[in-house]
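So you can see what is in the structure, the chains are spelled out below.
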Amino acid sequence: MSVHKEITKHVEQINSRVNHFKQLDQLRESYIEEAILLCKAGENFSVDKINDVTEQMNELARLGVVPSRKKVTKAMVVEFATRSI
């Protein structure tokens, strides 16, 4: 019975990590979209919020199961914004 409880606990931890990662990924995507829209409008934008979330995601990735994400630069946002016009 104890092995079953340990396995259940482990699976719950993994599920929790994956769900948290998904939430962070959605938040990151919304920040990226916001930066792209600001860039297209010719307004100032920052990638700080994007990279703060990215770092949280990468910390989860270091624990295993979920993938890491690359940090986003202003140049990346500008390139995407001008390419998608």
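Below: a short report on this structure.

Reading the values: the criteria
Residues numbered from 1 in each chain as written. Predicted model: local features only at pLDDT ≥ 70, side-chain atom pairs only at ≥ 80, totals over all residues. Heavy atoms only, no water. Axes fitted to C-alpha atoms, helices over the stretch in contact; angles between N-to-C directions. Helix = DSSP H or I, 4+ residues; strand = E, 2+ residues; numbered from the N terminus. Parallel < 35°, antiparallel > 145°, perpendicular 65-115°, else oblique. Left-handed = near helix turned anticlockwise from the far one by under 90°. Contact = heavy atoms within 4.5 Å. Nonpolar A, V, L, I, M, F, W, Y, C, P; charged D, E, K, R; others polar. Expected span 1.5 Å × (residues − 1). Buried < 20%, exposed > 50% of the residue type's maximum accessible area, 1.4 Å probe, protein only. Polar contact = N/O pair within 3.5 Å; in protein donor to acceptor, adjacent residues only side chain to side chain.

Quick look at the packing of helix 1 (residues 2-40) against helix 2 (residues 48-62)
Contact pair helix 1 / helix 2: the axes reach a minimum separation of 9 Å and the direction vectors enclose 160 degrees. Comparing the axis directions of helix 1 and helix 2 gives the class roughly antiparallel. At the point where helix 1 passes helix 2, the crossing takes the left-handed sense. Between helix 1, through Arg17, His20, Phe21, Leu24, Asp25, Leu27, Arg28, Tyr31, Ile32, Glu34 and Ala35, and helix 2, the contact on the second element is made entirely by Lys49, Ile50, Val53, Thr54, Gln56, Met57 and Leu60. When grouped by side-chain class, the residues that make up the contact of helix 1 with helix 2 number ten nonpolar, three polar and five charged.

Considerations on helix 1
The end-to-end C-alpha distance of helix 1 is 57 Å, a good match for the 57 Å that 39 residues give at a rise of 1.5 Å each. Every buried residue of helix 1 is listed here: Arg17, Phe21, Leu24, Arg28, Ile32, Ala35, Ile36 and Cys39. On its buried face, helix 1 sits against helix 2 and helix 3 (74-83).

Quick word on the side chain of Asn51
Along the chain, Asn51 turns up in helix 2. Here Val72 takes part through its backbone nitrogen, which lies 2.7 Å from a polar atom of the side chain of Asn51.

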